[in-house]
Amino acid sequence: MGKSITGKNEQLTYLKERLTMFMEVLDHIEPENTELEDIDRLIGMIDDLEGKVEQFKTRED
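Here's a quick rundown of the structure. (Residues numbered from 1 in each chain as written. Predicted model: local features only at pLDDT ≥ 70, side-chain atom pairs only at ≥ 80, totals over all residues. Heavy atoms only, no water.)

A word on the overall build of the protein. A tally of regular secondary structure across the protein gives two helices and zero strands. Computed over its C-alpha atoms, the radius of gyration of the protein comes to 14 Å, more than 25% above the 10 Å expected for a compact globule of 61 residues. In terms of overall dimensions, the protein has C-alpha extents of about 45 × 20 × 15 Å along its principal axes. Per-residue burial for the protein yields a buried fraction of 11% across its 61 residues. Here the protein contributes 8 positive and 16 negative side-chain charges, whose respective centroids are spaced 11 Å apart. (Helix = DSSP H or I, 4+ residues; strand = E, 2+ residues; numbered from the N terminus. Rg over C-alpha atoms; globule rule 2.2 N^0.38 Å. Buried < 20%, exposed > 50% of the residue type's maximum accessible area, 1.4 Å probe, protein only. Lys, Arg positive; Asp, Glu negative; His and termini not counted. Charge placed at Lys NZ, Arg CZ, Asp CG, Glu CD.)

As structure tokens, this is what we get:
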């Protein structure tokens, strides 16, 4: 398991990296060839990102 992300700057960097990954995946999707599983994976990525935002919001410095 990775180390805990506790500092606000680390948290922001983590969220930016995850969002960048999501955008890269989204950019490479071909709409004509997209399956329901692909869309489900994208939704899962957004759900995970949202969960991290909520988790970081409740942490104290």
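Still to come is the rest of the account.
This part takes up helix α2 (residues 36-58). With 23 residues, α2 should cover 33 Å at 1.5 Å per step; its first-to-last C-alpha distance of 33 Å lies within 8% of that length. The complete set of buried residues in α2 reads Leu42, Leu49 and Phe56. Those residues of α2 that are buried are in contact with α1 (8-27). (Expected span 1.5 Å × (residues − 1). Contact = heavy atoms within 4.5 Å.)

What follows is about the packing of aromatic side chains. In the structure shown here, the tally under the stated rule is one aromatic pair. Here tyrosine 14 and phenylalanine 56 contribute two aromatic rings whose centre-to-centre distance is 6.0 Å and whose plane-to-plane angle is 80 degrees, an arrangement assigned as edge-to-face. You can see tyrosine 14 sitting in helix α1 and its partner phenylalanine 56 sitting in helix α2, a full 42 residues away along the chain. For the pair tyrosine 14 and phenylalanine 56, one class covers both residues: buried. (Phe/Tyr/Trp six-rings, centres within 6.5 Å; stacked < 30°, edge-to-face > 60°.)

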